[in-house]
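Inside the fold
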Amino acid sequence: MSLWVDKYRPRTLDDLHYHHDLTARLKSLAASGDFPHMLFYGPSGAGKKTRITCTLRQLFGAGVEKLRIDQRVFMTPSRRKLDLNVVQSNFHIEITPSEVGMYDRVVIQEILKEIAQTQQVDLNAKQRFKVVIINDADTLSRDAQAALRRTMEKYMNNMRIILCANSTSKLIAPIKSRCLLVRVAAPSSEEMQHALEYVAKREKFTLPPEASQQIIEDSNGNLRKAMLVLEALKMQSPDMSGPLSIAKPDWETYCHKVADMIIQEQTPQRVMDVRAKFYELLSHCIPPTVILKTVAERVVDKVDESIKADVMHWAAFYEVRMRVGNKKIFHLEAWVVKVMSLYKHSFYGIELDDFED
Amino acid sequence: MVELEMFQPTGLLGGDIDMHRPEDAEPTSNGLLGLAPSPLVSAGMLENRPSGELQTSFYDTTEQTLVEEAFTSNGLLGTTQSNDLLQSCSPLSQDDSLPNVSQILREYGNPAKSSDIPADSLFNGDSAAERLARISIKATTYDGKPLYIRRKREIRRRDPDSSSRQQQMGNLLDVPLHRLMDQLSLTTATKLANPENHQEPSRAKISQDKLWVDRYRPRVFADLLGDERVHRETMAWVKEWDWCVFGKKKGKKRARDDQDLDYNDEFHRPRERILLLSGPPGLGKTTLAHVVAKQAGYAVFEINASDARSGQIVDDRIRPALEAGAAVGGTKPVLVVIDEIDGATGSGENVGGFVHKLVELTSDKPRKKRGKKDPSANRPLLRPIICICNDLYASSLAKLRQHARIVRFNRPADIYIVKRLREICENEALKADSRALTALVGVAKGDLRGCLNTLQFVKARNQEVTETTIRAATIGMKEADTSMTSVLNDLFSPMSKKRVKEAGLTEEEETRYVDRLSREVDGSGSTDKVAMGCFEHYANLRRHDATFSRYEKANRWLTAYDHLSGAMRSEREYSLMPYLSYFLVPFYTLFQERGTPKVERPKDDYENYLKTKTNEEIYQSLSRCLRLACGRRGGDYRHLASEQVLRLEFAPYINRIISPPLRPVNRQVIRPEEKALLSRLVDVMVSMDLQFIQDKGEDAQLVYRLEPPIDVFVTYDGKRTSDISASRYAVRQLVAAEVEAQSIVNHAVAVDKYRNSFAPPEEAQDESRGDTEGVEQDGKLMRPYQLPPSRVPAKDTLADIKVDIADRPPVDFFGRPITKPIAPSGKGGSGSAPQTKYRVSYKFHEGNSAAVRKPVKMASFML
């Protein structure tokens, strides 16, 4: 018995609920014997990893589900030890290089070389190659991506790489050109409705249509989130009746609170308060880019039409800065001050400039 | 004293002026050379001096050089006798024509000095001996004991009264007294009118063989400069050793040390056997230690940074020195001075470290323990040890601090240092105005050594000590080390008037801030921290900034700073480093204001960092749980364990999933729908290794804590979100018991599955799985369970890892199963028992260790 999100996860390509044309393509690819490197991309919760595992199963059979989980220790050139969780079966290996942060290049070089240089020894294996799955490929550093590109060509005989990323924009062009790009779009609301009903049916309860509608709206195309919300909802109010309140993740609520604070008042004191809130969010390990994005979206919703573009422009500006810099809080606050100033200017009109000292 | 010597050889003025008109003597002496210290000071210094010693006070040495200078500069004495000199003097005076003043001065000065030459020439080698021979007449007039005469003024004062004065008078009778007096006053007058002249002779030669720091190093206790109490405290501590070292009892006047009476030491040592002197450099810590040791009658054994300072040194050098009690070839007891101890190696917990060994040396414990068996191993410490450090709170000294008496040095008030510097300048014939000296002291921050070195440097270049020369000489000294907070304060507030004065800036220079501040920021050595400080402080200021324009600018600078520093680090272009400080300077124009509160040390960011680390660890343990669950029960949670998903989606919802609205009722009377909910909850929790663990809260109440504590992720600002009902103790207890039970079942299932995989298939089928029915009583759990009748163990597989060792089938050393011969006549006759057995396990709930909390089969008690 496990969480629904896991329990009702499709295991084979045939079980998949939506994107049937994509499924057909994957099937034919797996059957052709000429399997390319692949890059799955699409929004979070759209089903990329599910499709990858399904494809693997199609390729190698049930054997891929026998997994080992190891912790591998790597040594950086500066003699620092790094731990990396490696999930592997006889046919594939799955790594998340972003776990080790800036040392991902070492991981890529070591693991890939190691796998690439050993041939498939299992004679019964359906394919002659092994598959390496690289999760969060869009967080790979430039160095790591550069390390990847040559390996992808050189060891094509022994190995295929499946990259999984949210967006292709952070991947360098040489990598993109070496892969077959597979876009996994977020499911439409009908498809999500279908999936939710499927789970409800299997769990033997009836899901009121208004509840499912609310879940779908709230989860914004993220099926994983929808499943989690559904289960949370079911746990919180088992009979699924009456007015249902779909809980947002707490960090999101908190971000909205911050946005409201920014709009309510523009004083130095408020700047300090907002800073404390940002610190609270950061200490909960919410990625600063996500914070900035969530707050900015909320602020844009609330402010006057004339400054919407500016607010977003500065959010984008400081997000870029933030990625280069070290101190995320500087950039968050810089944005807040900028927005407060913009807001004040638009609220009181331009003549305020005359008072500037 | 000096003027005394000058006039004595003439025999005319020495007695008269000094005895009867002391007020006349002073201007005269000043007028003559401008070098002599005032008689009062020198007398005070001299009183402390043991009469037999040659070079005790620094004034002695000044006298020597003074004499040498005066002597060699005019070059007269080498060729002519002093009598000739006097004769050459007399015609001038008899002519009644106004003589060249400087000439007279020389002539007066030199015969005066010549009386001392025997004393000095003892040290001056061959040529001095010649001189001695030549002017020995005068030496003999002083009872042939010039050395003693020079030191003891009483004798000397009395001397002119005796016959020797008569003799001298005879020599000089051809110059009338009133004429000499006239000349003297004339000299004085010209001297005052023309101050440059008199310096020439002394400037001609500068003795460069010695650093001023050494030359003017105090040699007796009374010469020490600084806080008297510190000196006395140090001295008092050293004196406390007297009983132990010299066998003297404590003096009667020490009755106030009553507080130490309760402390009885068999060797009558002070309670702390180490003295730790701490303070900034250049205040005279080392000097104090040496002076005090000497004054108290010890020979100093010094270990400093030039020696290796490993733990080995304590054994090899310090211990032998201490145990020998006296230096080699000396009779004085030894006192160990360990200088610059804060740089000692082997800090912290290292047992072999220097400090550790040192502390060990002072404690008697090992000796008492071993008793008589090995008396040579650790003899008690019977000699004092003085340690000197700059940074009292250096990590290496942590241990020592508890065992040492600590004496802190503070910067003495500037006027005392200035006074001393002025005296020295006078001695060295260096013209210095007190403003310049005050500036120097200000720049050096009280560092006397730095001041002296600077002065000597100035002197070596034949400059006068004026403010400009001081500025030029101390450029490097200025902002040598600035702390982060002082830099921050400088950024946010304009320079104080005092600082402006100290730095000697003109109005215009004061307004130029970029260079000064950027240098300061660089000097602090931690630009990042300064930036953080700026960030944390700026919003406290300028509350009336209507348009936020200042804030905007400040933030632009900060983000630009971060941008550059981030790029610099990632590209490893560290040559950009010097530019970083300029990004913080604009805060001065934006926010500087007088009278604002002091900038505090930035701390928010670090606190936040710590919190983040804690939470990250919780996330990590959660993801470990997920991965483990994935490996153990075939769930596929690992896609949930990836960072982003875990933090943004999974953590908030899993908290809601595991906190359903349950009523705290006995599980027997629970409603069926609630029961379903409960079992679902238990399932989820077990499958993900989440547990409620009983714990004591802050108010000593029992609470059930979630482990890993993932509920922090729905806790913002210290309170949980409202839509998750806080589960009560009773509910958690219920859930905890259920989870416990379920995990045991799972355990058993896993074991059985493992066993059944080797059992005949038909028997494996009647195994009942997922049985949650159990008889439960507060911690103890008894569960009827079907035991498979036959057990055929085999090789280890992965699933085996989680199997309790007690449940594992017995194997021999090679991993082969031990098949028990089930003999019907075996003990207990268990072999003949019916096929259905109950498996009973026992769980002990008390105790602190997980080792006793694991379920144990009853069978293991029966053995």
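Residues numbered from 1 in each chain as written. Chains lettered and ligands numbered in written order. Predicted model: local features only at pLDDT ≥ 70, side-chain atom pairs only at ≥ 80, totals over all residues. Heavy atoms only, no water.

In the nomenclature of an unreviewed UniProt entry, chain B corresponds to P-loop containing nucleoside triphosphate hydrolase protein from the organism Heliocybe sulcata. Turning to chain B, the UniProt annotation filed under Sequence similarities (unreviewed entry) states: "Belongs to the activator 1 small subunits family. CTF18 subfamily." Reading the Subcellular location (unreviewed entry) entry of the UniProt record for chain B gives the comment "Nucleus". (UniProt positions renumbered as here; feature names shortened; annotations may be inferred.)

Under an unreviewed UniProt entry, the name given to chain A is Replication factor C subunit 5, and the organism recorded is Heliocybe sulcata. Here chain A is described in UniProt, under the heading Subcellular location (unreviewed entry), as follows: "Nucleus".

**Re the overall build of chain A**
Regarding its fold elements, chain A presents 14 helices and 7 strands. Going through the 357 residues of chain A one by one, you find that 58% of them count as buried. The contacts in chain A between residues at least 6 apart in sequence include a share of 68% that link residues at least 24 apart. On chain A, roughly 15800 Å² of surface is accessible, and the fraction owed to carbon and sulfur atoms is 50%. (Helix = DSSP H or I, 4+ residues; strand = E, 2+ residues; numbered from the N terminus. Buried < 20%, exposed > 50% of the residue type's maximum accessible area, 1.4 Å probe, protein only. Contact = heavy atoms within 4.5 Å. Areas by Shrake-Rupley, 256 points an atom, 1.4 Å probe, with all protein chains shown as cover.)

**Let's talk about the pattern of salt bridges**
Residues and elements named next belong to chain A. Enumeration over the complete set of coordinates arrives at 29 salt bridges over all chains. A salt bridge links Arg270 to Glu265; its shortest N-O distance comes to 3.3 Å. We classify Arg270 as buried; its relative accessible area is 13%. Two residues, Arg270 and Asp273, come together in a salt bridge whose shortest N-O distance is 3.9 Å. With Arg270 and Asp273 both in helix H11 (residues 268-283) and 3 residues apart, this pair spans about one turn of that helix. Residue Asp273 is classed as partly exposed on the basis of its relative accessible area of 29%. Each of Arg150, Glu153 and Arg178 takes part in salt bridges that share partners, so that together they form one network. (Salt bridge = Lys/Arg side-chain N within 4 Å of Asp/Glu carboxyl O.)

**Here's the deal with the sheet that holds strand E7 (residues 180-183) of chain A**
Residue and element names in this part refer to chain A. Pairing is mixed in the open sheet, where 7 strands are placed in the order E2-E3-E4-E5-E6-E1-E7. On the outer flanks of this sheet lie strand E2 (68-75) and E7, each paired with one strand and no other. Geometrically, the sheet is characterised by an average inter-axis angle of 25° between neighbouring strands, direction not taken into account. Note: strand E5 (residues 130-134) against strand E6 (residues 159-165), 5 bridges, orientation parallel. Residue Lys130 lies in a different strand from E6, and its bridge partner there is Met159. The sheet contacts of helix H2 (residues 20-32) involve strand E1 (38-41) and E7, and relative to E7 the element is tilted by about 150°. Packed on one face of the sheet, helix H4 (residues 104-117) meets E2, strand E3 (81-88), strand E4 (92-95), E5 and E6 and runs near 120° to E2. (Pairing = 2+ DSSP bridges. Axes fitted to C-alpha atoms, helices over the stretch in contact; angles between N-to-C directions.)

**Some details on the nonpolar core**
Among the nonpolar cores identified, the biggest contains 75 residues, and Phe278, Leu281, Val295 and Trp335 of chain A together with Phe492 and Tyr538 of chain B are the most heavily contacted of them. Residue contributions to this core peak at 11 residues, all from helix H14 (residues 328-348) of chain A. For Leu281 of chain A, the contacting residues outside a window of four places in its chain are Trp251, Tyr254, Cys255, Val258, Ile286 and Ile291 of chain A together with Tyr716 of chain B. Within the second largest apolar cluster, 63 residues are counted, among which are Leu207 of chain A together with Val682, Val684 and Ile710 of chain B. (Core = buried A, V, L, I, M, F, W, Y, C linked by side-chain atoms within 4.5 Å.)

**Some details on the pairing of E5 of chain A**
Residue and element names in this part refer to chain A. Taking burial as the measure, the 5 residues of E5 include 4 buried ones, the bulk of the element. As paired elements, E4 and E5 share 4 bridges and run parallel to each other. Bridged to Ile93 within E5 is Val132. In terms of handedness, the path from E4 via H4 over to E5 forms a crossover that is right-handed. Regarding the hand of the β-α-β motif, the stretch spanning E5, helix H5 (residues 142-154) and E6 is right-handed. (Right-handed = clockwise from strand over helix to strand, strands pointing away.)

**Some words on the sheet that holds strand E1 (residues 274-278) of chain B**
All names here are of chain B. Pairing is parallel across the open sheet formed by 5 strands, whose spatial order is E2-E3-E4-E1-E5. Two strands close off the open sheet at either side, each with one partner strand: strand E2 (299-303) and strand E5 (404-408). In this sheet, neighbouring strand axes are inclined to one another by 25° on average, regardless of whether the strands run parallel or antiparallel. Looking at chain direction, E1 and strand E4 (residues 385-389) are connected through 5 bridges and run parallel. Note on E4: the bridge partner recorded for Leu277 is Ile388. Sheet strands touched by helix H19 (residues 285-295): E1, E2, strand E3 (334-338) and E4. Its angle to E4, the strand with the most contacts, is close to 165°.

**Quick look at unusual backbone geometry**
A positive phi is found at Asp136 of chain A, a non-glycine position, where the angle reads about 50°. The topology assignment puts Asp136 of chain A in the loop between E5 and H5.

**With respect to the interface of chain B and chain A**
Opposite the 77 residues of chain B that make contact, chain A presents 74 residues. Buried area between chain B and chain A, summed over both chains or domains, comes out near 6900 Å², and the portion from carbon and sulfur atoms is 58%. For the pair chain B and chain A, the interface holds 6 salt bridges. With its nearest N and O atoms 3.2 Å apart, the salt bridge here joins Arg656 of chain B to Asp250 of chain A. Summed over the shared surface of chain B and chain A, the number is 18 residue pairs in polar contact (both at pLDDT 80 or more). Mapped by element, the contributors of at least two residues to the side of chain B that touches chain A are helix H32 (527-538), helix H33 (549-571), helix H36 (604-633), helix H37 (643-657), helix H38 (672-687) and strand E8 (715-716) of chain B. In terms of residue class, the side of chain B that touches chain A is made up of 33 nonpolar, 21 polar and 23 charged. (Buried area = accessible area lost by both parts, 1.4 Å probe. Polar contact = N/O pair within 3.5 Å; in protein donor to acceptor, adjacent residues only side chain to side chain. Nonpolar A, V, L, I, M, F, W, Y, C, P; charged D, E, K, R; others polar.)

**What about the packing of aromatic side chains?**
Summed over the entire model, instances satisfying the criterion amount to 23 aromatic pairs over all chains. Measuring from ring centre to ring centre gives 6.3 Å for Trp212 of chain B and Tyr216 of chain B, while their planes differ by 85°; the resulting arrangement is edge-to-face. Of the two residues, Trp212 of chain B and Tyr216 of chain B, neither departs from the other in class, the shared state being buried. Through successive ring pairs, a cluster of aromatic residues spans Phe330 of chain A together with Phe492, Phe535, Tyr538, Phe548, Tyr551, Phe587 and Phe591 of chain B. Sitting over the ring of Tyr18 of chain A, Arg51 of chain A keeps its end group 4.8 Å from the ring centre. (Phe/Tyr/Trp six-rings, centres within 6.5 Å; stacked < 30°, edge-to-face > 60°. Lys NZ or Arg CZ within 6 Å of the ring centre and 35° of its normal.)

**Observations regarding the environment of Arg601 of chain B**
Residues and elements named next belong to chain B. Summarising the element assignment, Arg601 is placed in the loop between helix H35 (586-591) and H36. Arg601 sits 113 residues away from Leu488 along the chain, and the two C-alpha atoms are 8.8 Å apart. Excluding its chain neighbours within four sequence positions, the residues that come into contact with Arg601 are Met484 and Thr485.

**Observations regarding helix H25 (residues 434-444) of chain B**
Residues and elements named next belong to chain B. Taking burial as the measure, the 11 residues of H25 include 8 buried ones, the bulk of the element. Restricting attention to buried positions, one finds in H25 the residues Ala436, Leu437, Ala439, Leu440, Val441, Gly442, Val443 and Ala444. Downstream of H25 by one or two residues, Lys445 has phi in the positive range, about 55°.

**Section: the pairing of E1 of chain B**
Residue and element names in this part refer to chain B. With 5 of 5 residues buried, E1 is to be regarded as a mostly interior element. Strand direction decides the pairing type here: E1 and E5, joined by 5 bridges, are parallel. Paired with Leu276 across the two strands is Ile406, which belongs to E5.

**Focus on the confidence of the model for chain B**
All names here are of chain B. Here chain B averages 67 in pLDDT, and 57% of its residues register 70 or above. For chain B, per-element mean pLDDT is lowest for strand E10 (residues 775-777), which scores 38, and highest for H33, which scores 88. Taken together, the stretch residues 151-162 has pLDDT below 50 and engages in 24 contacts with residues farther than four places along the chain or on a different chain. (pLDDT = per-residue confidence, 0-100.)

**So, a nonpolar patch on the surface**
On the surface, a cluster of nonpolar side chains totalling about 350 Å² of accessible area is made up of Val514, Leu576, Tyr579 and Tyr582 of chain B. On the secondary structure map, Val514 of chain B appears in helix H31 (residues 514-524). (Patch = residues over 30% accessible without salt bridge, like charges linked within 9 Å, V, L, I, M, F, W, Y side chains within 5 Å.)

**Some remarks on the side chain of Asn608 of chain B**
Mapped onto the elements, Asn608 of chain B comes out in helix H36. A relative accessible area of 10% places Asn608 of chain B in the buried class. Discounting chain neighbours no more than four positions away, the residues touching Asn608 of chain B are Tyr279, Leu282 and Ser283 of chain A.

**With respect to the side chain of His92 of chain A**
Residues and elements named next belong to chain A. One can find His92 in strand E4. A polar contact of 2.8 Å, which involves the side chain of His92, links it to the side chain of Ser89. With residues near it in sequence (within four places) discarded, His92 still touches Leu56, Val64, Leu67, Val87, Val131 and Ile133.

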